[in-house]
Amino acid sequence: MCLSIPSKVISINGDKAVVSVGGTTYEASLQMLDNVNVGDYILIHTGFAIQKISEEEALETLKVFEDFDELNNSIKPELDNI
Amino acid sequence: MKYIDEYRDKKLVEKLQAQIKTASTKQVTLMEVCGGHTWAIQKFGIPSLLPDNIRLVSGPGCPVCVTSRSYIDRAVAMSRLKDVIITTYGDLMRVPGSTSTLMLEKSKGADVRMVYSVLDALKIAQELPSKNVIFLGIGFETTAPASAAGIINAQREKINNFFVLSSHKIMHPAMAALIEEGVAINGYIAPGHVSVITGAKIYSGIPEKYGVGCVISGFEPVDILQSVLMLVRQIEKNDCKVEIQYKRVVNYEGNVKAQELMHEVFTLRDDWWRGLGTLPCSGLGISSKYSSFDAEQMFDVQVEPTREDKGCICGLILKGLKKPTDCKLFGTACTTANPVGACMVSHEGACNAYFRFSK
Ligand code: SF4
């Protein structure tokens, strides 16, 4: 019941949107979310859009690992020198 | 699929696994509060990816599991009324009440319908004006705004045969209560979708008052492992705080519109939780302004005396004190096909997740 799925907005009509999840389309209420545009990814929960998914943050979270790698690599030569 | 595949990347999972192993020196117990996390953790086999000194335990965040038998009994009693249609999220149909279930009542002729959204229940009420449609409102801050929207919409569209029986609860009092009770938890993997609504701000009291960190996590393997790593780092550095791992949808303030809907329709009341008992200001009752939509007020029914099942240890499991496999009935008398307790019925219940994915 607390699981929600990332869905892509296909069309908007008033406070309702048609969204697609892996090829299947559903109707979702936009009553709880402003500024939704076609093409946005939104989180749907029991028929309501509850949040937009931030692409920037999604990439940022994944990037954290790369930073860690860089950090590791930059430390490593120093360690090798000891 | 976008925003899913990236977070299931095997290389990232391995990298995180190594990072956790390096970072973690202490013996720690982390609790995943949300039933959705319990399901994901079992499905992806997360415990087997963690070093032995990190223990994950499930918590009280399965809405169906914490709901009282007397609530089910009340819903059962209402389903027996003439011209009543009970509408409910699927999980609740099979949850045992004291002597019956909604499923059983349906097989005996009651009109009980499974809906995906409160909006479907509203539609039924609109189409069948001679019937009284009661929606069973259960769940935490993720589902409560939806029930509130249902009531607001009913009022706006003058649908006066629509009612909500609320057992909605709010999450963070239970997290505090567990620590108060002395359950040894070093960090919380905090609920993802509850936090979309509430924002990270509601957890601030937990590190402040109890020195226990909270990391709000997404539901994919990379999310969960990263959250474990963040908690481990907090613990190792002795710097417990609220952090958000699930930044792509969770922020500090949450969904203000949804919060406003909730505040408009509900008022805080004391509520009973399986395992925890009655917690002050942890439940959401329908405020007097909307009492004409409150099924509890509008339908006077005789509710049978509550009878709990002997042998079911759901209460201890919801507090992280026992594992499903510690229950004598697990996998024998109690299975997903024939559940004894709510924790085996619900997809978000720990017993269900263990049973499903242990084979
Ligand atoms: S296995 Fe069944 S009886 Fe045992 S605690 Fe879980 S739900 Fe209750």
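Residues numbered from 1 in each chain as written. Chains lettered and ligands numbered in written order. Predicted model: local features only at pLDDT ≥ 70, side-chain atom pairs only at ≥ 80, totals over all residues. Heavy atoms only, no water.

1. Re the confidence of the model for chain B
Here's step 1: Summarising the model, chain B shows a mean pLDDT of 94, and 99% of its residues fall at 70 or more.
Here's step 2: At the level of chain-chain contacts, confidence expressed as ipTM amounts to 0.87, with global pTM at 0.90. (pLDDT = per-residue confidence, 0-100.)

2. Focus: unusual backbone geometry
Residue and element names in this part refer to chain A.
Here's step 1: A positive phi angle is found at Thr46, which is not glycine, with a value near 40°.
Here's step 2: For Thr46, the location among the structural elements is in the loop between β4 (41–45) and β5 (48–52).
Here's step 3: Here Thr46 falls in the buried class, since its relative accessible area comes to 7%. (Helix = DSSP H or I, 4+ residues; strand = E, 2+ residues; numbered from the N terminus. Buried < 20%, exposed > 50% of the residue type's maximum accessible area, 1.4 Å probe, protein only.)

3. Here we look at the sheet that holds strand β1 (residues 28–34) of chain B
Residue and element names in this part refer to chain B.
Here's step 1: Spatially, β2-β1-β7-β8-β9 is the arrangement adopted by the 5 strands of the open sheet, whose pairing is parallel. Taken across any chain shown, the strands that pair with only one partner, and hence form the sheet edges, are β2 (54–61) and β9 (242–244). Direction aside, neighbouring strands of the sheet carry axes that sit 25° apart on average.
Here's step 2: The pairing of β1 with strand β7 (residues 187–190) spans 3 bridges and is parallel. Across the sheet, Met31 pairs through a bridge with Tyr188, a residue of β7. (Pairing = 2+ DSSP bridges. Axes fitted to C-alpha atoms, helices over the stretch in contact; angles between N-to-C directions.)

4. So, the packing of helix α6 (residues 118–127) of chain B against helix α7 (residues 144–156) of chain B
Residue and element names in this part refer to chain B.
Here's step 1: Two elements in contact, α6 and α7, have axes whose closest approach is 9 Å; the angle formed by their N-to-C orientations is 25°. The angle between α6 and α7 places the two elements in the roughly parallel class. Read as a crossing pair, α6 and α7 show a hand that is right-handed. In contact with Val118, Leu119 and Leu122 of α6, α7 contributes Ala146, Ser147, Gly150, Asn153 and Ala154.
Here's step 2: Taken together, the residues that form the contact of α6 with α7 break down as 5 nonpolar, 3 polar and no charged. (Parallel < 35°, antiparallel > 145°, perpendicular 65-115°, else oblique. Left-handed = near helix turned anticlockwise from the far one by under 90°. Contact = heavy atoms within 4.5 Å. Nonpolar A, V, L, I, M, F, W, Y, C, P; charged D, E, K, R; others polar.)

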